[in-house]
Amino acid sequence: MHSPSSSRAIHIYCASPSPFRSSSASLIGSTLCAPRTLALGVANNYRRKYLSVRGRRSDFSDQHRLTGRPPSPPPEEPTSFSRKPPGALNSKVFVGYSIYKGKAALTVEPRAPEFAPLDSGAYKVSKEGFILLQFAPAVGNRQYDWSRKQVFSLSIPEIGHLMSLGAKDSCEFFHDPFKGRDEEGKIRKVLKVEPLPDGTGYFFNLSVQNRLLNMDDSIYIPISKPEFTILNSALNFIVPYLLGWHAFANAIKPENSFRLNNARFGADFEWGR
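Below or above, wherever it landed, is the structure these notes cover. These numbers were taken from a predicted model, which means no experiment stands behind them. Note that residues are indexed from 1 along each chain, following the sequence as it is written. Given that this is a predicted model, residues contribute local features only at a pLDDT of at least 70 and side-chain atom pairs are listed and counted only at 80 or more, while totals for whole chains, interfaces and linings are drawn from all residues. Derived side-chain values reflect all non-hydrogen atoms in the structure, with water molecules and hydrogen atoms excluded from consideration.

### As for the overall build of the protein
Secondary structure summary: the protein contains five helices and 14 strands in total. The buried label goes to any residue with under 20% of its type's maximum accessible area, the exposed label to any with over 50%, and the partly exposed label to all in between, with areas taken from a 1.4 Å probe on protein chains only. Scored against the burial criterion, the 273 residues of the protein give a buried share of 25%. Between two residues, a contact is recorded if the distance between any of their heavy atoms is within 4.5 Å. Of the contacts formed within the protein by residues at least 6 apart in sequence, a portion of 42% connects residues at least 24 apart. Roughly 19800 Å² of accessible area belongs to the protein as shown, and the carbon and sulfur atoms make up 55% of that amount. Secondary structure elements are taken from DSSP: a helix is a run of H or I of four residues or more, a strand is a run of E of two residues or more, and numbering for both begins at the N terminus. Computed with the Shrake-Rupley method and a 1.4 Å probe, the accessible areas treat only the protein chains shown as cover for residues.

### A closer look at the packing of helix α2 (residues 156-163) against helix α3 (residues 225-242)
An axis is simply a line fitted to the C-alpha atoms; with a helix, the fit covers only the stretch in contact. Between two such axes, the angle follows the N-to-C directions and lies from 0 to 180 degrees. Between α2 and α3, the shortest axis-to-axis distance is 10 Å and the interhelical angle comes to 150 degrees. Between α2 and α3, the angle falls in the class roughly antiparallel. Of the two elements, α2 crosses α3, and the hand of that crossing is left-handed. Packed against α2, whose contacting residues are Ile 156, Ile 159, Leu 162 and Met 163, the element α3 presents Phe 228, Asn 232, Leu 235, Asn 236, Val 239 and Leu 242 at the interface. Residue classes in the contact of α2 with α3 are distributed as eight nonpolar, two polar and no charged. An angle below 35 degrees is treated as roughly parallel, one above 145 as roughly antiparallel, one from 65 to 115 as roughly perpendicular, and anything else as oblique. Left-handed describes a crossing whose near helix is turned anticlockwise from the far helix by less than a right angle; the clockwise case is right-handed. Following the grouping adopted for this structure description, the nonpolar residues are Ala, Val, Leu, Ile, Met, Phe, Trp, Tyr, Cys and Pro, the charged ones are Asp, Glu, Lys and Arg, and the polar ones are all others, Gly among them.

### Concerning the environment of Lys 192
On the secondary structure map, Lys 192 appears in strand β12 (residues 187-195). Overall, the relative accessible area of 33% leaves Lys 192 in the partly exposed class. Considering only alpha carbons, one finds Lys 192 and Cys 171, 21 residues apart in sequence, at a separation of 6.0 Å. With residues near it in sequence (within four places) discarded, Lys 192 still touches Cys 171, Glu 172, Phe 203, Phe 204 and Asn 205.

### A closer look at the packing of aromatic side chains
Here a Phe, Tyr or Trp ring, Trp counted by its six-membered ring, pairs with any other such ring whose centre lies within 6.5 Å, and the pair is stacked when the planes are under 30 degrees apart, edge-to-face when over 60, and tilted otherwise. If you walk through the whole model with that rule in mind, you get four aromatic pairs. A ring pair is formed by Tyr 100 and Tyr 144, whose centres lie 5.6 Å apart and whose planes are at 40 degrees; its orientation type is tilted. Of the two residues, Tyr 100 sits in strand β4 (residues 97-100) while Tyr 144 sits in strand β9 (residues 143-144), which places them 44 residues apart along the sequence. Residue class for Tyr 100 comes out partly exposed when judged on its relative accessible area of 37%. Relative to Phe 228, the ring of Tyr 202 has its centre 4.5 Å away and its plane inclined at 40 degrees; by these criteria the two rings are tilted. A residue pair is termed long-range when its members are at least 10 positions apart, and Tyr 202 in strand β13 (residues 201-210) and Phe 228 in helix α3 qualify at 26 residues. The exposure class of Tyr 202 is buried, given its relative accessible area of 6%. For Phe 228, a relative accessible area of 7% gives the class buried.

### With respect to the sheet that holds β13
Two strands pair if DSSP finds at least two bridges between them. Spatial strand order, β11-β12-β13-β14: four strands in an open sheet with antiparallel pairing. Each edge of the open sheet carries a strand with a single partner, namely β11 (171-175) and β14 (215-224). Mean inter-strand twist for the sheet, computed between neighbouring axes without regard to direction, equals 10 degrees. Of the strand pairs in this sheet, β13 and β14 are connected by ten bridges, and their pairing is antiparallel. Note on β14: the bridge partner recorded for Phe 204 is Ile 221. Each of β11, β12 and β13 is contacted by α2, which is oriented at about 160 degrees to β11, the strand it contacts most. α3 contacts β13 and β14 of the sheet and is inclined by roughly 100 degrees relative to β14.

### Section: the nonpolar core
By nonpolar core is meant a set of buried Ala, Val, Leu, Ile, Met, Phe, Trp, Tyr and Cys residues that side-chain atoms within 4.5 Å join together. In terms of nonpolar packing, the biggest core is built from 31 residues, with Ile 131, Leu 133, Phe 135, Leu 154, Leu 162, Leu 191 and Phe 204 touching the most fellow members. For this core, the element with the highest residue contribution is α3, accounting for six residues. Residues within four places of Leu 154 in sequence aside, it is in contact with Phe 130, Ile 131, Leu 133, Ile 159, Leu 162, Phe 173 and Leu 191.

### Points about the side chain of Gln 150
One can find Gln 150 in strand β10 (residues 150-154). A residue is classified by how much of its surface remains accessible, and Gln 150, at 12% relative accessible area, is buried.

### Some details on the pattern of salt bridges
Salt-bridge detection follows one rule: a side-chain nitrogen of Lys or Arg within 4 Å of a carboxyl oxygen of Asp or Glu. All chains considered together, the criterion is met by two salt bridges. Here Lys 101 ties to Glu 227 by a salt bridge, and the two come within 3.1 Å at their closest N and O atoms. With Lys 101 in the loop between β4 and β5 (104-111) and Glu 227 in helix α3, this residue pair connects regions lying 126 residues apart in the sequence. Of the residues examined, Glu 227 reaches a relative accessible area of 18% and is grouped as buried.

Function-wise, these values are silent; they only describe arrangement.
And the structure:
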């Protein structure tokens, strides 16, 4: 049995209570109390000692009380207020490279590949990504009519052809959106890329013939060497993603390599013979 005179009790007092604290709470057992200073009282033979402890979250609570909006949390304390990084679940990022000239504007945007699930639980690329070119005619000084835009989608082989152009090379791509269907031939799109006469860049010329709308349109825009260099660099970077190789690389894990190699043992691989 312990005598009352030898018993020790620890009391925690809130020396500077927060306005968010419940009126019925006298101890700091709730997170609603964000004190400026904590006093730790130790009762031993009716003598009380106080230890002063500085509350790390006092500034956090004061900022919230004064501004009326949630403050930025300390970096070492991740909370639900933290924003998700680009590419996280349910997030979308829109990117593009635009070139504006006197006669027209051109916007270049990547489109992601599509994946299909397999019975094994894995995924495969069901459709490769592509590059979407959007041409809009000018209607004034630095003004463009995007309601009259014409679009052209570059496939992976066409992207490679475009990237391999030399200073004096040219290329031409023909598309029929209804190829293999009853409407085949009713819409014809031709994209021509030719070097400028002075050798300072390329002409991008998109011609669209639409018999369904009785429309024949042509939009061209000159692309300088620096602009084409930036475009080439962007295409060089994005091609592996359009092929879906980033998903494969992200799925590589050391613990899965042994199991995967054993599952494929005996398959027709060059280095497995």
